[in-house]
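# Survey of secondary and tertiary structure
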Amino acid sequence: MLRACIYLLFFVPYTLLCSLAAVIGGLFDGSGRAGHACARIWSFGSLSAARIRLEVNGLNHVPTEGPVIYMGNHQGNFDIFALTLAVPRLFSWVAKEELFKVPVFGAAMRRAGYIPLDRSGGRKALKSMKQAAERIASGASVVIFPEGTRTQDGLLLPFKRGAFMLAGMAGVPIVPFTINGSRAINPRNQLELRPGTISVAFGAPIEVKRGAEGELMEQVREAIAAKLEVD
């Protein structure tokens, strides 16, 4: 707990500094590359300060061209840092709309090209999903956690169907990834921080067919589970 508290004393002002840099960089760069560079610096500093090592496998499965959707399991708060450094290409996050309302941080997300998604349901949510799909189809690669939240015990949670509806609308391949080690470093709902290693393993791309969300969900789940290490 003491380690976690000391870490937060560094992390909060560091996050503010990187967010401000992303906002300023975005004023001069509309491609999102400046924001992405700031996110990588933020992630590297955050992992280093927590004494967390990163291992990446399966980069040969990541296409070098064209938009894709990265989908994988969600173990802990440090997953975002690990993925920001592990994914070798420019990408955006699909995040809940509420995060974009956070002062400075939300503005930085917009400048970096991140995509807001309304999860309230109804017509507004459908319109939000269509807009996100259009952004992806036009060239924006994104990362999505289909579980929707972090696991408590390391096992895969049920997948949200919306992630696969979005993939069907966008019509781009899904690159599955599996994260291991993150949960032990920072357990969910606990103010604890332990040094360790987070590994990210990418799997072969999975082609997407619109209207086959159930089948696609099973394919992605199997690909993620195949590399998952459960205590």
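Our subject is the structure that appears above.
Residues numbered from 1 in each chain as written. Predicted model: local features only at pLDDT ≥ 70, side-chain atom pairs only at ≥ 80, totals over all residues. Heavy atoms only, no water.

## Description of the sheet that holds strand 2 (residues 69-72)
Spatially, the 7 strands line up as an open sheet ordered 1-7-6-2-5-3-4, and their pairing is mixed. Only two strands of the sheet have a single partner each, and these edge strands are strand 1 (52-57) and strand 4 (115-117). Between one strand and the next, the sheet's axes are offset by a mean angle of 25°, whatever the strand orientation. Relative to strand 7 (residues 196-202), strand 1 runs parallel, the two sharing 6 bridges. Across the sheet, the residue bridging to Glu55 is Ser199, located in strand 7. Across the sheet, helix 6 (residues 161-170) lies against strand 2, strand 5 (142-144) and strand 6 (174-180), angled at about 160° from strand 2, the strand it touches most. (Pairing = 2+ DSSP bridges. Helix = DSSP H or I, 4+ residues; strand = E, 2+ residues; numbered from the N terminus. Axes fitted to C-alpha atoms, helices over the stretch in contact; angles between N-to-C directions. Contact = heavy atoms within 4.5 Å.)

## A closer look at the environment of Arg194
You can see Arg194 is positioned in the loop between helix 7 (182-185) and strand 7. Residue class for Arg194 comes out partly exposed when judged on its relative accessible area of 39%. As for Arg194 and Ala50, which are separated by 144 residues in sequence, their C-alpha atoms are 7.7 Å apart. Those residues in contact with Arg194 that sit more than four places away from it in its chain are Ala184, Ile185 and Pro187. Among the polar contacts made by the side chain of Arg194, one reaches the main-chain carbonyl oxygen of Ala184 at a distance of 2.8 Å. (Buried < 20%, exposed > 50% of the residue type's maximum accessible area, 1.4 Å probe, protein only. Polar contact = N/O pair within 3.5 Å; in protein donor to acceptor, adjacent residues only side chain to side chain.)

## A short note on the state of the cysteines
Summed over all chains, the structure comprises 0 disulfides. Here Cys18 is not cross-linked by a disulfide; its sulfur's nearest cysteine counterpart is in Cys38, at 6.8 Å. With relative accessibility at 14%, the residue Cys38 sits in the buried group. (Disulfide = S-S within 2.5 Å.)

## A look at the nonpolar core
Counting residues in hydrophobic clusters, the biggest one holds 37 residues, and the most contacted among them are Tyr70, Phe78, Leu83, Phe177, Val200 and Phe202. Those residues in contact with Val200, other than ones at most four positions away along the chain, are Leu54, Glu55, Val56, Asn57, Ala82, Leu83, Ala86, Phe177, Thr178 and Ile179. Counting 27 residues, the second-largest nonpolar core is a separate cluster that includes Ala132, Val142, Ala163 and Leu216. (Core = buried A, V, L, I, M, F, W, Y, C linked by side-chain atoms within 4.5 Å.)

## Regarding unusual backbone geometry
Within the chain, Arg51 stands out as a residue other than glycine whose phi angle is a positive 60°. Here Arg51 shows up in the loop between helix 2 (33-49) and strand 1.

## Things to note about a nonpolar patch on the surface
A surface patch of nonpolar side chains, amounting to about 400 Å² of accessible area, comprises Met1, Leu8, Val12 and Leu191. You can see Met1 is positioned in the segment before helix 1 (2-28). (Patch = residues over 30% accessible without salt bridge, like charges linked within 9 Å, V, L, I, M, F, W, Y side chains within 5 Å. Areas by Shrake-Rupley, 256 points an atom, 1.4 Å probe, with all protein chains shown as cover. Salt bridge = Lys/Arg side-chain N within 4 Å of Asp/Glu carboxyl O.)

## Looking at the layout of surface pockets
By volume, the second largest pocket is sized at about 260 Å³. Taken together, 18 residues make up the lining of the second largest pocket; nearest its centre are Ser31, Gly32, Leu90, Ser92 and Ala140. Residues that form the lining of the second largest pocket fall into these classes: 4 nonpolar, 8 polar and 6 charged. (1 Å grid on protein atoms, 1.4 Å probe; cavity = no way out; pocket = protein on both sides within 12 Å on 5 of 7 lines; lining within 4 Å. Points joined across faces, edges and corners; volume = space filled by probe spheres on them. Nonpolar A, V, L, I, M, F, W, Y, C, P; charged D, E, K, R; others polar.)

## Quick notes on the pairing of strand 6
Here strand 6 lies mainly inside the structure; 7 of its 7 residues are buried. A two-sided burial pattern is seen for strand 6, the buried positions comprising Ile174, Pro176, Thr178 and Asn180 on one face and Val175, Phe177 and Ile179 on the other. Pairing between strand 2 and strand 6: 4 bridges, direction parallel. Residue pairing across strands places Ile69 opposite Ile174, the latter belonging to strand 6. In terms of strand pairing, strand 6 meets strand 7 through 4 bridges, oriented antiparallel. When the bridges of strand 7 are listed, Thr178 appears paired with Ala201.

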